[in-house]
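# Summary of the model geometry
Next come the chains, spelled out residue by residue.
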Amino acid sequence: MTGASFLSPSSSKNVVYNLRDNLSWNKRNFTTKVGFEMIRLHDNSQTFGDVFGTYQFTGLFTGSGFGDFLLGLPSNTSRALPLGPVGLRRNQWGVYVDEDIRVTSKLNVNLGLRYQRNTPARELNNLMYNFDIASGNLVVPSQQALSRVNPGLPAAIRNRIVAAGAGFPERLVRDQSGFSPRFGLAYRAFRDTVFRAGYGMFDGLTAVGAFTGGPFTPGAEDYTNALQCQNTTSCRPLFDLSNPFPSGVTGGVRAVGGLSVSGVNPSLRRATTQQWNVSVERALPWRVSMRTSYVGSKGTQLPYRRNANTPPPSLTPFGPGRLNFPQWSGVTYGDHGGNLTYHALDMQWRRSFAQGVYFDASYTWAKQLTDVDEDGTQFGWGSQGAFGRIIENPYDRAREKGNAHSIPRQRFRALFVAELPFGKGKRFGSNLPGLGGPVFNSVLGGWSFSGMFQRFTGWWYSPLSSGFDAANTGQFTIRPDRVGSGRPAGPQSDTNIFNPGDFVRPAAGGYGNAGARIIQGLPGASLDSSVWKSVPLWSRNDRGVKLRVGATASNLLNHPAKSTWSTGAYIISNRATVARADDYYYTSVISGGLGSFRYIRFEAAIQF
């Protein structure tokens, strides 16, 4: 019996206090709106860790692990010490003014301005820390916090943790604030044609604060059991399960080493996204309306993460001495400076028919380029978070510029809703005499159908080379060198997504020249549909109770999209599996599980 362990309990309580108000004022051709909003966020949590412990039974005393377990004699015990409650408090507030102006009977103009300010989180006991990129030291907000640092930290680290004298703000990260203007107009050029245009700036205020845990984490305890003998005939174990974590026994608080830390630029810039659009809306024959739009956006100072401990690429073999901060194994640092551009052509057609029939279709051609793509997990370099993913080369963010992973080049969507024209209040069978009316209505009345079809081109992925630290930076999964286009020889298929022969292992001393997210994955398609029937149970004075029953089918035709997001599918070093899709499905798409295997859900509801 190798051991026993228990769950790590945790608790959380989050409270949001919100105060908002607005005022509207109309005079002739002017409509003015002003308002404000204040938000107070309380995040309270506590993680107890492995507080109940882990126990190893190796047969030290009886020769049998299970025998030791029955006697309650573990050979080793360990437990993680809890950090204690963490209480974060932060504020957000904003004010805005908006003006609608009816210039003429054909021209409307809208002007708006918003100011928002977000404060970083404050921990109730000031147990927060940040990283000083200039010195490699940790920074805590006060001497009180300094006294709560884990004594198990190596002296070389513990003695270099400084308080507020490092020049950091009180909360270790400065406030973020800014103005956001907005503008829009609508002009009816002809009776059936309207031109619209708009511009707006939107904040990506992360409102992040410094970090909790880290040097304040108490650490862990390890205890090793043994027989303690007074003579050759009188021996007893040092401890048993009645007291598995005894004081004065070999073990105690484990010294902390090999730590990774996190940090954020204390003067993190405000991230903004500017969006604009121009559209033409026109009424077509057969009561069809059409809208054609150009949509663009530009993001600046977007947050991203890098491992600040990674040394520059070199021909010198990697070793601990090459780390920028040898006292740390890794330094994940959040910073600003990322960029994004988006351009799209969007077309939409709509028609509402009589008797409850509706149709809507759209087509989008889009291209988004960014050097801080949001989906880090798909490339094996880090998870998505408030700062996005960790870039490959911390000294060259620009080389990360490429297609946004989850923005396909083309997408088509069609949506329809139809109510059958039978039964009470409908075109057919509404006033049948005698018992025929209720019977006809109960069988054929109240039925409705809806569905949505989508088809889109593939998402974007990066080729990867694994198993060789070409740059001598301690990274064994990086992009390779590109020696060809990468396009597959022949039609793209599940086993022929791209040509792996066009990628080779990077040359020693540097990163590969292959761009980020240059491989287009497999296209996807899905048809989702539903059918419903409403059965009146009781009605009086235009009010009533209905029973609504039906079924919803996702991917009705059962054509699951092949997933190509797995990192393993793009490892160049394994020619047997490269360019091969998994028999899985896309996730995080508009319809929720688009391309997944077919499933049908039956539902019933009472409406009143």
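None of these values were measured; they are calculated from a predicted model.

## A few points about the state of the cysteines
- The final tally for this structure, using the stated rule, is one disulfide.
- Paired by a disulfide, cysteine 229 and cysteine 235 hold their sulfur atoms 1.9 Å apart. Between cysteine 229 and cysteine 235 the disulfide shows an S-S torsion of about 115 degrees. By sign, it is right-handed.
- Judged by its relative accessible area of 44%, cysteine 229 falls in the partly exposed class.

## Considering the side chain of arginine 413
- Examined against the element boundaries, arginine 413 turns out to sit in strand β23 (residues 410-419).
- For arginine 413, a relative accessible area of 18% puts it in the buried group.
- In terms of polar contacts, arginine 413 uses its side chain to reach the side chain of aspartate 360, at 3.3 Å.
- Ignoring any residue separated from it by four or fewer positions in sequence, one finds arginine 413 in contact with Gln348, Asp360, Ala361, Ser362, Met452, Phe453 and Gln454.

## Some thoughts on the packing of aromatic side chains
- Summed over all chains, the structure comprises nine aromatic pairs.
- On the numbers, 5.3 Å between centres and 85 degrees between planes, the contact of phenylalanine 57 with phenylalanine 69 is edge-to-face. Placement of the pair is phenylalanine 57 in the loop between β4 (54-56) and α1 (65-71) and phenylalanine 69 in helix α1, with a sequence separation of twelve residues.
- Judged by relative accessible area, which is 2%, phenylalanine 57 ranks as buried.
- On the basis of an interplanar angle of 70 degrees and a centroid distance of 5.7 Å, the ring pair of phenylalanine 498 and phenylalanine 503 is categorised as edge-to-face. Residues phenylalanine 498 and phenylalanine 503 agree in their burial class; the two are buried.
- For the cation-ring pair, arginine 411 lies above phenylalanine 456, with the distance from its terminal atom to the ring centre recorded as 5.1 Å.
- Positioned above the aromatic ring of phenylalanine 468, the side-chain terminus of arginine 505 is 4.4 Å from the ring centre.

## Description of the confidence of the model for the protein
- In the predicted model, the protein carries a mean pLDDT of 82, and 83% of its residues have values of at least 70.
- Highest mean pLDDT in the protein belongs to strand β7 (residues 107-118) (95); lowest belongs to strand β1 (residues 4-5) (52).
- Taken as a whole, residues 376-384 scores under 50 in pLDDT and shows 33 contacts with residues more than four places along the chain or in a different chain.

## Some thoughts on the side chain of serine 448
- As for its placement among the helices and strands, serine 448 is situated in strand β24 (residues 447-456).
- Setting aside residues up to four positions removed in sequence, serine 448 forms contacts with Ala418, Glu419, Ser530, Val531, Trp532 and Arg548.

## Here's the deal with the pattern of salt bridges
- This structure, assessed with the given rule, holds 15 salt bridges.
- A salt bridge links aspartate 371 to arginine 397; the nearest nitrogen and oxygen atoms lie 3.2 Å apart. Here arginine 397 lies in the loop between β21 (357-370) and β22 (402-403) and aspartate 371 lies in the loop between β21 and β22, a separation of 26 residues in the sequence.
- Overall, aspartate 371 belongs to the buried group, its relative accessible area being 6%.
- Looking at arginine 397, the relative accessible area reads 22%, which means it is partly exposed.
- With its nearest N and O atoms 2.6 Å apart, the salt bridge here joins arginine 601 to glutamate 603.
- In this structure arginine 601 comes out as partly exposed when scored by relative accessible area, which is 38%.

Rules of the game
Residues numbered from 1 in each chain as written. Predicted model: local features only at pLDDT ≥ 70, side-chain atom pairs only at ≥ 80, totals over all residues. Heavy atoms only, no water. Disulfide = S-S within 2.5 Å. Buried < 20%, exposed > 50% of the residue type's maximum accessible area, 1.4 Å probe, protein only. Helix = DSSP H or I, 4+ residues; strand = E, 2+ residues; numbered from the N terminus. Polar contact = N/O pair within 3.5 Å; in protein donor to acceptor, adjacent residues only side chain to side chain. Contact = heavy atoms within 4.5 Å. Phe/Tyr/Trp six-rings, centres within 6.5 Å; stacked < 30°, edge-to-face > 60°. Lys NZ or Arg CZ within 6 Å of the ring centre and 35° of its normal. pLDDT = per-residue confidence, 0-100. Salt bridge = Lys/Arg side-chain N within 4 Å of Asp/Glu carboxyl O.

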